[in-house]
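Residues per chain are reported as follows:
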Amino acid sequence: MVKLESIISGGQTAADRAALDWAIKNSIPHGGWCPKGRPAIDGSLDDKYQLKETPSEEGMERIEWNVRDADATVVFTMAEKATGGSQKTLSIARKLKKPCLHLHRGMLAASEKLVTFLEKHYVRRLHIAAARESKEPGLEGWVAMTLDKAKRLIDERSAGL
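Below is a summary of the structure that appears in this document. All values reported here derive from a predicted model rather than from experimental measurement.

1. A few points about the pairing of strand S9 (residues 125–130)
Phase 1 of the analysis: Within S9, 5 of the 6 residues are buried, which leaves the element mostly enclosed by the surrounding structure.
Phase 2 of the analysis: As paired strands, strand S7 (residues 72–77) and S9 are joined by 5 bridges and run parallel to one another. Each bridged residue has a counterpart across the sheet, and for threonine 73 the counterpart in S9 is histidine 127.

Okay, structure coming up:
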């Protein structure tokens, strides 16, 4: 049975924000690391996101620390192939021997795959990452929808439905 205790993310637009907003909406603790100064592509990261600042302004430090502090990482992309920061996040997770999953928009039953992954690896602290919304338009909405569906599946399984 899945029991998410917290969502970890870096706070950028798209999946990061969708994950943090989803956690807040569902009363799931959230956290993670963001670069020093709380920079984001759309300005300074809102204080409602309870992220800690890394000592560096470098974004890679944030990614490494979020992967390190999570039980597992899920990277969301619109395209079938992860590129740029999404691919780097998956590489870091593999290097640190952390379970990781890549979900893309064309994938059937993404929410079911997510729940199976969470169950298989007994994930309590989940790191969610992706490209920015400007690079993959529509990603933020798809992530929120996938997380909502996954939560319904988890709730149904917990209730024995």
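2. Some points on the nonpolar core
Phase 1 of the analysis: Core analysis: the largest hydrophobic core is formed by 31 residues, its most contacted members being Ile7 and Phe76.
Phase 2 of the analysis: Leaving out residues up to four positions away in the same chain, phenylalanine 76 has contacts with Ala15, Leu103, Ile128, Ala129, Ala130, Ala131, Leu139, Trp142, Val143 and Thr146.
Phase 3 of the analysis: In terms of nonpolar packing, the next biggest core, distinct from the first, is built from 5 residues, Leu20, Leu45, Tyr49 and Leu51 among them.

3. Some remarks on the pairing of S7
Phase 1 of the analysis: In terms of burial, S7 is largely enclosed, as 6 of its 6 residues are buried.
Phase 2 of the analysis: Alignment of S7 against strand S8 (residues 100–104), held across 5 bridges, turns out to be parallel. Residue pairing in the sheet places valine 75 in a bridge with histidine 102 of S8.

4. Thoughts on the packing of aromatic side chains
Phase 1 of the analysis: Throughout the structure, instances matching the rule amount to 2 aromatic pairs.
Phase 2 of the analysis: Summarising the aromatic geometry, the rings of tryptophan 33 and tryptophan 65 are spaced 4.7 Å apart at their centres and angled 85° between planes, so their arrangement reads as edge-to-face. One end of the pair, tryptophan 33, is in strand S3 (residues 33–34); the other, tryptophan 65, is in helix H2 (residues 59–69), with 32 residues separating them in the sequence.

What counts and what doesn't
Residues numbered from 1 in each chain as written. Predicted model: local features only at pLDDT ≥ 70, side-chain atom pairs only at ≥ 80, totals over all residues. Heavy atoms only, no water. Buried < 20%, exposed > 50% of the residue type's maximum accessible area, 1.4 Å probe, protein only. Helix = DSSP H or I, 4+ residues; strand = E, 2+ residues; numbered from the N terminus. Pairing = 2+ DSSP bridges. Core = buried A, V, L, I, M, F, W, Y, C linked by side-chain atoms within 4.5 Å. Contact = heavy atoms within 4.5 Å. Phe/Tyr/Trp six-rings, centres within 6.5 Å; stacked < 30°, edge-to-face > 60°.

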